[in-house]
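The lines below spell out each chain.
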Amino acid sequence: MNTTKKIQSVLLSVFSKDGLEPIVRELHKNEVTIYSTGGTETFIKNLGIPVVAVEDITSYPSILGGRVKTLHPKIFGGILNRQDHEGDVQQMQEFDIPQIDLVIVDLYPFENTVASGANEADIIEKIDIGGISLIRAAAKNFKDTVIVPSVNEYDLFLQMLIENNGSTTLAQRRLLATKAFHVSSHYDGAIFNYFNEADDTLKISHANGIELRYGENPHQKGHFFGNFDQLFEKLNGKELSYNNLLDVDAAVNLMNEFKGEQPTFAILKHNNACGVAQRSTMKAAYVDALAGDPTSAFGGVLIANGLIDVETAKEINQLFCEVVIAPAYDAAAVEILKEKKNRIILILNEIELPAKQVRTCLNGILVQDKDSVTDNKDHLTTVTKLTPSTKEVEDLLFASKICKHTKSNTIVLVKDGQLCASGTGQTSRVDALRQAIEKANSFDFSLQGAVMASDAFFPFPDCVEIADKAGITAVIQPGGSIKDDLSIAYCDENKIAMVFTGTRHFKH
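Scoring rules and cut-offs
Note on numbering: residues in each chain are counted from 1, in written sequence order. Residue-level local features of this predicted model are given only where pLDDT is at least 70; pairs of side-chain atoms are given and counted only at 80 or more, and the full residue set underlies all totals for whole chains, interfaces and linings. Here the side-chain values reflect all heavy atoms present in the structure, with hydrogen atoms and water set aside. Runs of H or I in DSSP of at least four residues are treated as helices and runs of E of at least two as strands, each being numbered from the N terminus. Between the two quantities, the radius of gyration covers C-alpha atoms and the globule rule is 2.2 Å times the number of residues to the power 0.38. Burial classification: accessible surface area is computed with a 1.4 Å probe over protein chains only, and a residue below 20% of its type maximum counts as buried, one above 50% as exposed, and the rest as partly exposed. Following DSSP output, two strands are said to pair if at least two bridges run between them. The working definition used for a salt bridge is a side-chain nitrogen of Lys or Arg within 4 Å of a carboxyl oxygen of Asp or Glu. Residues count as neighbours in contact if any of their non-hydrogen atoms are within 4.5 Å of one another. Think of a 1 Å grid over the protein atoms and nothing else: a 1.4 Å probe that fits but is trapped marks a cavity, an open set flanked by protein within 12 Å on at least five of seven lines marks a pocket, and residues with an atom within 4 Å of a point count as lining. Grid points are joined across faces, edges and corners, and a volume is the space filled by probe spheres set on the points. Here the term charged refers only to Asp, Glu, Lys and Arg, the term nonpolar to Ala, Val, Leu, Ile, Met, Phe, Trp, Tyr, Cys and Pro, and the term polar to all other amino acids, Gly among them. The convention used is that axes are lines fitted to C-alpha atoms, helices contributing only their stretch in contact, and that angles between N-to-C directions extend from 0 to 180 degrees. Any angle that falls under 35 degrees is termed roughly parallel, while one over 145 is termed roughly antiparallel, one within 65 to 115 roughly perpendicular, and all others oblique. Note: crossing handedness is left-handed where the near helix turns anticlockwise from the far helix by less than a right angle, and right-handed where it turns clockwise. Within 6.5 Å between ring centres, the rings of Phe, Tyr and Trp (the latter by its six-membered ring) count as paired, and their orientation is classed by plane angle as stacked under 30 degrees, edge-to-face over 60, tilted in between. Here, two cysteine sulfur atoms that lie within 2.5 Å of each other are counted as a disulfide. Helices are assigned an expected span. That span is 1.5 Å times one less than the residue count.

Undergrad: I'd like a rundown of the overall build of the protein chain, residues and numbers included.
TA: Along its length, the protein chain carries 19 helices and 23 strands. The C-alpha atoms of the protein chain give 31 Å as radius of gyration, which overshoots the globular expectation for 508 residues (23 Å, by more than 25%). Viewed in the frame of its principal axes, the protein chain has a C-alpha envelope of about 100 × 50 × 45 Å. Sorting the 508 residues of the protein chain into buried and exposed places 48% on the buried side.

Undergrad: Could you give me a rundown of the pairing of strand 20 (residues 418-423), with the residues and numbers involved?
TA: Along any regular strand the residues' side chains alternate between the sheet's two faces. Summarising burial for strand 20: 6 of the 6 residues are buried, a large majority. Pairing of strand 19 (residues 411-415) with strand 20, which is carried by 5 bridges, proceeds in the antiparallel orientation. Across the sheet, residue Lys 415 finds its bridge partner in strand 20, namely Gln 418.

Undergrad: Would you mind going over the sheet that holds strand 2 (residues 9-14) in detail, with residue names and values included?
TA: Taken together, 5 strands build an open sheet; the order of strands is 4-3-2-5-6 and the sheet is parallel. Here the strands that pair on one side only, and so sit at the sheet edges, are strand 4 (52-53) and strand 6 (146-148). As paired strands, strand 2 and strand 5 (residues 102-106) are joined by 5 bridges and run parallel to one another. Bridge pairing links Ser 13 to Val 105 in strand 5.

Undergrad: Give a detailed account of the pattern of salt bridges, specifying residues and quantitative values.
TA: Side-chain pairing between opposite charges can occur once the charged atoms of the two side chains come close. Summed over all chains, the structure comprises 20 salt bridges. Across the salt bridge formed by Asp 395 and Lys 391, the nearest N and O atoms sit 3.7 Å from each other. With Asp 395 and Lys 391 both in helix 16 (residues 390-404) and 4 residues apart, this pair spans about one turn of that helix. According to the relative accessible area criterion, Asp 395 is buried, its value standing at 4%. Note on Lys 391: relative accessible area 41%, which makes it partly exposed.

Undergrad: Please set out the environment of Thr 37 residue by residue, giving values where relevant.
TA: With respect to the helices, strands and loops of the structure, Thr 37 is situated in the loop between strand 3 (33-36) and helix 2 (38-46). Residues Thr 37 and Asp 128, spaced 91 residues apart in sequence, show a C-alpha to C-alpha distance of 15 Å. Those residues within four positions of Thr 37 in sequence are excluded, and the remaining contacts are Leu 12, Val 54, Glu 55, Lys 69 and Thr 70.

Undergrad: Before we move on, could you go through empty space enclosed by the protein and cite the residues and values that matter?
TA: Taken as a whole and judged by the stated rule, the model has 1 cavity of 30 Å³ or more. In this structure, the largest cavity encloses a volume near 50 Å³. If you go around the largest cavity, the residues you meet are Asp 375, Ser 400, Cys 403, Ala 453, Ser 454, Ile 476, Gln 477, Pro 478, Thr 501, Thr 503 and His 505. Residue composition of the lining of the largest cavity, by class: 4 nonpolar, 6 polar and 1 charged.

Undergrad: For the packing of helix 1 (residues 20-29) against helix 9 (residues 154-163), give the residues involved together with the corresponding values.
TA: Relative orientation of the contacting elements helix 1 and helix 9 amounts to 25 degrees, with a least axis distance of 10 Å. Classified by the angle between their axes, helix 1 and helix 9 sit roughly parallel to one another. Here the hand of the crossing between helix 1 and helix 9 comes out left-handed. Taking contact as the criterion, the partners of Leu 20, Pro 22, Ile 23, Glu 26 and Leu 27 in helix 1 are, on helix 9, Tyr 154, Phe 157, Leu 158, Leu 161 and Ile 162. Taken together, the residues of the contact of helix 1 with helix 9 sort by class into 9 nonpolar, no polar and 1 charged.

Undergrad: Describe the layout of surface pockets, naming the residues involved and giving the relevant values.
TA: The space that makes up the second largest pocket amounts to roughly 520 Å³. In terms of lining residues, the second largest pocket is bounded by 26 residues, among which Gly 66, Arg 67, Lys 69, Tyr 108 and Asp 128 are the most central. Where the lining of the second largest pocket is concerned, the elements lending two or more residues are strand 2, helix 2, strand 5, helix 7 (120-125) and helix 8 (130-140). If one sorts the elements of the lining of the second largest pocket by residue count, helix 2 sits on top with 3 residues.

Undergrad: Help me get a handle on the packing of aromatic side chains, residues and values and all.
TA: Counted under the stated rule, the structure contains 9 aromatic pairs. When the centroid spacing of 6.3 Å and the interplanar angle of 65 degrees are considered together, the rings of Phe 110 and Tyr 187 count as edge-to-face. In this pair, Phe 110 is assigned in helix 6 (residues 110-115) and Tyr 187 in helix 10 (residues 170-195), connecting sequence segments 77 residues apart. As far as the burial class goes, Phe 110 and Tyr 187 line up, both buried.

Undergrad: Can you tell me about unusual backbone geometry, naming the residues and giving the values?
TA: In this model, Ser 408 is joined to Asn 409 through a cis peptide bond whose omega is -10 degrees. Looking at the element boundaries, Asn 409 is found in the loop between helix 16 and strand 19. Despite not being glycine, Asn 271 has its phi angle at roughly 75 degrees, a positive value. Within the element layout of this structure, Asn 271 appears in the loop between strand 11 (264-269) and strand 12 (272-278). Here Asn 271 falls in the buried class, since its relative accessible area comes to 15%. With a phi angle near 55 degrees, Asp 416 is a residue other than glycine that sits in the positive phi range. Counting through the fold element by element, Asp 416 comes out in the loop between strand 19 and strand 20. Residue classification places Asp 416 among the partly exposed positions, given a relative accessible area of 40%.

Undergrad: Kindly report on the state of the cysteines, identifying the contributing residues and their values.
TA: Under the counting rule described, the total for this entry stands at 0 disulfides. The thiol of Cys 420 is unpaired, and the distance to the nearest cysteine sulfur, on Cys 274, comes to 14 Å.

Undergrad: Provide a residue-level description of helix 17 (residues 429-442), including the pertinent values.
TA: The end-to-end C-alpha distance of helix 17, which contains 14 residues, comes to 20 Å, matching closely the 20 Å that a straight helix rising 1.5 Å per residue would cover. Elements in contact with the buried residues of helix 17: strand 19, strand 20, strand 21 (451-454) and helix 18 (462-470). Taken from the residues just after helix 17, Asp 444 is the one with a positive phi, measuring 65 degrees.

Undergrad: So what's going on with the packing of helix 18 against helix 19 (residues 484-493)? Residues and values would help.
TA: Where helix 18 contacts helix 19, the two axes come as close as 9 Å, and the packing angle between them is 20 degrees. In this view, helix 18 runs roughly parallel relative to helix 19, as classed from their interaxial angle. Where helix 18 crosses over helix 19, the two elements pack in a sense that is right-handed. The segment helix 18 lies against helix 19, with Val 464, Glu 465, Asp 468 and Lys 469 engaging Ser 487, Tyr 490 and Cys 491. Each residue belonging to the contact of helix 18 with helix 19 can be placed in one class, and the counts come to 3 nonpolar, 1 polar and 3 charged.

Here you go:
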């Protein structure tokens with residue numbers, strides 16, 4: 001059975017005219033009857049190509065300020081009729097309904113209007129009614145009707161049109177119908193999310209997914225759904241992998257804690273910081289961040305909170321790293337970093353990141369608010385007799401920011417604005433502390449006068465005791481254990497300052 005169909009008529013109703021002219025000219029060349037209305041009709045007339053007004057078919061004008069134009073049985077009958085159904089064929093003749101073989105639609109830009117900060121009246125007017133109805137109708141009847149559902153499919157359809165001499169195959173119509181239902185569902189999801197104020201319903205839709213080389217491991221498939229180019233400008237390097245993207249996400253979220261502060265540099269590996277430092281110059285910040293763990297830094301993701309200059313780039317270029325991220329670079333610094341052709345160099349743009357976190361769980365999805373609390377001086381309650389010094393408070397808050405973005409259970413050790421070591425992802429807080437102390441010692445850090453941050457409370461005084469013996473002089477933790485008094489008593493007896501924040505920062 002031959003399922004190839006010649007296109008003899010088309011209804012055009014589009015918002016974006018970009019790329020439309022070649023399609024219109026190709027349809028005209030194939031002697032296709034063109035129906036249209038409004039601005040699209042005017043566009044076609046200006047090309048000098050014959051066009052039949054929709055109003056001439058329906059005998060009804062566009063009404064309500066253009067809100068109702070194509071919503072009419074003679075239009076939808078022409079789209080939805082089954083050409084092999086005897087009853088449909090008879091009714092088409094009885095009611096003088098013209099056959100419509102092709103529908104080309106581009107919807108009002110609802111999402112862009114919302115993103116522009118427009119007022120609600122303007123946003124409501126950008127909810128397309130006729131267009132979305134045309135898309136669904138043509139897609140439903142894909143056996144007989146072709147649907148081009150958005151400007152993004154203009155090029156694909158034009159290629160089909162030219163290669164098939166004005167015809168389409170069933171497989172091509174089904175493909176376009178699939179794209180059409182994606183467009184309509186995504187569009188409706190965006191409208192719902194604009195109106196929805198409840199937390200008991202979740203609708204997520206991302207267009208234009210990117211297929212990655214593989215997932216977390218080579219035997220796993222991986223995709224990224226999102227607008228990567230909105231967040232970054234890529235200057236160099238290979239395509240980012242699944243693991244690269246996870247590390248980049250961790251790096252960006254960590255460095256957002258230091259936005260607007262003096263030069264800060266961080267190095268991450270497997271989503272955890274292995275080096276962070278804050279200094280008067282970016283070069284010094286990088287050098288001291290690297291000193292935190294030069295072994296783990298190999299193959300890591302690097303991020304700065306300010307401009308990367310030539311001197312910093314020269315230092316970075318001595319290290320094998322997968323990704324470098326910064327809000328700006330000196331032109332000469334970029335050329336230095338490009339010497340490694342596979343090194344990914346990203347400019348971080350200023351955009352707002354999602355306020356919700358989503359992950360699969362069992363046979364469903366977990367959703368939570370992002371941890372948006374950054375501990376500051378106003379959050380601190382000194383619970384010991386000894387109050388931390390100004391310098392210790394600075395280090396405590398620095399450590400707390402890193403701790404918030406490190407896998408639990410975690411302990412973070414900081415001294416003089418530099419990460420000395422962290423214990424990450426341990427099953428007990430004592431193990432995390434011991435890991436951090438051992439790591440700091442292995443890289444010849446003196447922990448005398450260092451501070452300690454914990455993502456959660458200490459259930460027993462063992463951690464402050466171990467920290468004291470390592471040289472720690474100040475501690476920041478949420479508090480909230482029924483045995484807080486034991487940890488406080490030990491700190492008082494051993495002249496350790498400790499502050500509570502009241503906020504836990506688990507990260508799993």
